[in-house]
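Here are the chains, one letter per residue:
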Amino acid sequence: MDKQELKNILPHRDNMLLLDEAECIDGIAHGKKKIVGDEWFLKGHFPGNPVVPGVILCEILGQSVCVCLDGAIPDDKLPYFTGLDDVKFRKPVVPGDLFETRCEIVKIREPFYFAKGEGYVNGKKCVSASFSFAVADKN
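Residues numbered from 1 in each chain as written. Predicted model: local features only at pLDDT ≥ 70, side-chain atom pairs only at ≥ 80, totals over all residues. Heavy atoms only, no water.

A few points about the pairing of strand 2 (residues 28-34)
Formally: Burial classes: relative accessible area under 20% of the type maximum marks a residue as buried, over 50% as exposed, and values in between as partly exposed (1.4 Å probe, protein chains only). The numbering of helices and of strands both runs from the N terminus, where a helix is a DSSP run of H or I of at least 4 residues and a strand a run of E of at least 2. Two strands qualify as a pair provided DSSP detects at least 2 bridges between them.
With burial as the criterion, only one face of strand 2 is covered, namely that bearing Ala-29, Gly-31 and Lys-33; the residues Ile-28, His-30, Lys-32 and Lys-34 on the opposite face remain uncovered. Pairing of strand 1 (residues 21-25) with strand 2 involves five bridges; the strand directions are antiparallel. In the strand pairing of strand 2, Glu-21 is matched with Lys-32. Taking the residues between adjacent antiparallel strands as the criterion, strand 1 and strand 2 are bridged by two residues, where Asp-26 takes a positive phi near 50 degrees. In this structure, strand 2 lies alongside strand 4 (residues 98-109), joined through seven bridges in antiparallel fashion. Considered in strand 4, the bridge of Lys-33 is made with Phe-99.

Brief notes about the environment of Lys-125
Short version of the rule: Only heavy atoms enter the contact rule, under which two residues are in contact if any of them lie within 4.5 Å. Polar contact is defined as a pair of N or O atoms within 3.5 Å, subject to the rule that within protein one atom must be able to donate a hydrogen and the other to accept it, and that residues adjacent in sequence are counted only when both atoms are side-chain atoms.
Note on placement: Lys-125 falls in strand 6 (residues 124-137). Since its relative accessible area comes to 29%, Lys-125 is described here as partly exposed. Distance in space between the C-alpha atoms of Lys-125 and Ile-56 is 16 Å, their sequence separation being 69 residues. Residue contacts for Lys-125: discarding those within four places in its chain leaves Arg-90, Lys-91, Glu-118, Gly-119 and Tyr-120. Polar side-chain contacts of Lys-125 include one of 3.1 Å to the side chain of Glu-118.

Set out below in structure tokens:
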């Protein structure tokens, strides 16, 4: 899925839609985000040494796994993060990197979904996390 197709699944728009493309293959979400260097979150993190903030990497993981729910989220509902656990940052992600995700839903107890994910640059793990989200009313 490209960005336009992702907008049919994810509520994120403008600067907060952080994936360039994603797909779900056999229950595993594969996402990609090219860090070009002009992203809003790099402007102050850190001047002269831009590094993608860890919270942004976690958000990319969360957006990535939602592609596995294509067609399962009603129009009047949204996915909301409810928790992050066992987050580990191993390598900085910097401008020029292609950040790739591998995420999967490991348990469902509606409206809660439990997932795990990893992010890589050039095959090297940069981040890993377990996380949860709920599919709940928009307001």
